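Close look at the chain arrangement
Now for the letters of each chain:
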Amino acid sequence: MKKIIAITRGDGCGPEVVNEGIKILKIVSDFTDYDFEFKDAPAGGEVWKVFGTNLPEKSFDIIKNSDALLFGAIGLPDLSPGVAESAIMKIRQGLDLYVNLRPVKLYDVLREKCPLKSEFIGKGIDITFVRENTEGLYKNIGKLGEASAEDLMLYSRDGCERIIKFAFEFAKRQDHKIVTSVDKANILNTSKLWRKIFHEISGNYSNIKTEDIYIDAFTQWLIRAPHRFQTVVTGNMFGDIISDEGAFLIGSLGMGSSGNIHPGKVSMYEPIHGSAPDIAGKGIANPIGTILSVKLMFEESFNSSEIGRNIDNAVEAALQEGRTLDIQSKSLKTLSTIEMGDLIASKLKSTLKV
Ligand code: IPM
Ligand code: MG
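**As for the overall build of the protein**
Looking only at helices and strands, one finds twelve helices and 14 strands in the protein. For a compact globule of 354 residues, the expected C-alpha radius of gyration is about 20 Å, and the protein comes in at 20 Å, within 12% of that figure. In terms of overall dimensions, the protein has C-alpha extents of about 50 × 50 × 40 Å along its principal axes. Excluding contacts between residues fewer than 6 apart, the proportion of contacts in the protein whose partners are at least 24 apart in sequence is 74%. A total of about 15,600 Å² of accessible surface is found on the protein, and carbon and sulfur atoms cover 51% of it. Between the mean site of the 43 positive side-chain charges and the mean site of the 47 negative ones, the protein shows a separation of 3 Å.

As structure tokens, then:
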């Protein structure tokens, strides 16, 4: 099965973690009938410095004509906020990637790294955020003036329907028992429409329980009782915020993975951490967020949940033997980015071989 994978290494630690993602893809191609061709699609701050654009047309063409995009991280401290990062928005909007899928799973072996007390962790944390990814405050409708500034929060019925449907289909696929919708329907019109559509659609999924929670209350429940959530669907801005809160619960931001998805079309997979300029080039970044994004690529773009599961198991097995600095343990060897990738690759190899 031939697949073209566009590669955006990006800035800071982006190239280091992407290399480890590619390592995993290569292992899969060595032991299955997948055959990957990698095509570089440079984007971000360094590219902006050279070409005056953070997403050259050639890169976007490569991305558009690929089967999936593996994306590192972009952003440079010497550029104003957004100068590099808006490339992400161009890709999300340009490819209509309306789903932002962000799993927050605490591996048992990392329980001690979770900032919550054990009594709050309870049965464990395994939540998937389904964030609307093209509308809301991110539509870039508004203006920036001196005396005032405005951003329009706009949701269309179609936009709400497609993301909420995705969330229910995802929950069904994962055998989740509950879908939580997070909104601010006590104040925002957009949330009132969202909530109405949420209940219309939930009627088609009688086996799945539903609940609505206001965004402010949700941020508390997420740390008070994270085990009560499974699939959580929400709008763009709220999703941006709560997915960072969630990512902090799994031991390190470096563990967080994501997919920017349009089912059946080219989708983009990226770790949720930024370019981390403070640690760039030191070989200490955690590549697991990227490797788990590759896992999502198999599950969501290539319909290969079994390979996804194998990658997940390989990560979990590797975490018991060695770890990068951000999640290090006294009793285990502290590994570099490359060593962590090698260890996961070797675990994956031994399962795919049989
Ligand atoms: C994210 C990031 C982006 C966002 C930024 C970099 C534009 O925070 O992917 O969550 O706000 O969506
Ligand atoms: Mg964010």
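**Topic: the domain arrangement of the protein**
We note that the domain assignment places domain 1 (1-102 + 255-354) and domain 2 (115-249) within the protein. Centre-to-centre separation of domain 1 and domain 2, based on C-alpha positions: 24 Å. Facing the 16 residues of domain 1 at the interface are 19 residues of domain 2. Counting the surface domain 1 buries against domain 2, the share from its top three residues, Tyr-98, Asn-100 and Arg-102, is 42%. Taken together, domain 1 and domain 2 are joined by two salt bridges.

**Some thoughts on the sheet that holds strand 1 (residues 2-10)**
Strand order in the open sheet made by the ten strands is 2-1-3-12-11-4-5-10-8-9, with mixed pairing throughout. Only two strands of the sheet have a single neighbouring strand rather than two, namely strand 2 (35-40) and strand 9 (209-214). Pairwise comparison of adjacent strand axes, ignoring direction, gives a mean angle of 20 degrees for this sheet. Looking at chain direction, strand 5 (residues 126-132) and strand 10 (residues 231-234) are connected through four bridges and run parallel. Considered in strand 10, the bridge of Phe-129 is made with Val-232. With respect to the sheet, helix 3 (residues 57-64) is in contact with strand 1, strand 2 and strand 3 (68-73), its orientation differing from that of strand 1 by roughly 145 degrees. Against the sheet, helix 7 (residues 189-202) makes contact with strand 5, strand 8 (178-183), strand 9 and strand 10, and its axis sits at roughly 170 degrees relative to strand 9, the strand it touches most.

**As for empty space enclosed by the protein**
Leftover empty space is mapped by rolling, across the atoms, a probe with the size of a water molecule. Scanning all chains against the criterion turns up two cavities of 30 Å³ or more. Size it by volume and the largest cavity reaches roughly 60 Å³. Around the largest cavity, the lining residues are Met-153, Tyr-155, Val-182, Asp-183, Thr-190, Ser-191, Trp-194, Gly-235 and Phe-238. Of all the elements in the fold, those that place two or more residues in the lining of the largest cavity are strand 8 and helix 7. In terms of residue count, helix 7 provides more of the lining of the largest cavity than any other element does, three residues in total. Looking at the lining of the largest cavity residue by residue, the classes come out as five nonpolar, three polar and one charged. The space that makes up the second largest cavity amounts to roughly 30 Å³. Among the secondary structure elements, those contributing two or more residues to the lining of the second largest cavity are strand 4 (99-105) and helix 9 (236-247). Per-element tally for the lining of the second largest cavity: the top contributor is strand 4, with three residues.

**Concerning the site of ligand 1**
Within the structure, ligand 1 sits among Glu-85, Arg-92, Arg-102, Arg-131, Tyr-138 and Asp-240. Taking Arg-92, its side chain carries an N or O atom lying 2.7 Å from an oxygen atom of ligand 1. Within the side chain of Arg-102, an N or O atom sits 2.7 Å from an oxygen atom of ligand 1. A total of 320 Å² of accessible area belongs to ligand 1 in isolation, and the protein chains cover 72% of it. A breakdown of the residues in the shell around ligand 1 according to their chemical character gives one nonpolar, no polar and five charged.

Reading guide: rules and limits
Residues numbered from 1 in each chain as written. Chains lettered and ligands numbered in written order. Predicted model: local features only at pLDDT ≥ 70, side-chain atom pairs only at ≥ 80, totals over all residues. Heavy atoms only, no water. Helix = DSSP H or I, 4+ residues; strand = E, 2+ residues; numbered from the N terminus. Rg over C-alpha atoms; globule rule 2.2 N^0.38 Å. Contact = heavy atoms within 4.5 Å. Areas by Shrake-Rupley, 256 points an atom, 1.4 Å probe, with all protein chains shown as cover. Lys, Arg positive; Asp, Glu negative; His and termini not counted. Charge placed at Lys NZ, Arg CZ, Asp CG, Glu CD. Domains from an automatic or database assignment. Buried area = accessible area lost by both parts, 1.4 Å probe. Salt bridge = Lys/Arg side-chain N within 4 Å of Asp/Glu carboxyl O. Pairing = 2+ DSSP bridges. Axes fitted to C-alpha atoms, helices over the stretch in contact; angles between N-to-C directions. 1 Å grid on protein atoms, 1.4 Å probe; cavity = no way out; pocket = protein on both sides within 12 Å on 5 of 7 lines; lining within 4 Å. Points joined across faces, edges and corners; volume = space filled by probe spheres on them. Nonpolar A, V, L, I, M, F, W, Y, C, P; charged D, E, K, R; others polar. Near = heavy atom within 4 Å. Polar contact = N/O pair within 3.5 Å; in protein donor to acceptor, adjacent residues only side chain to side chain.

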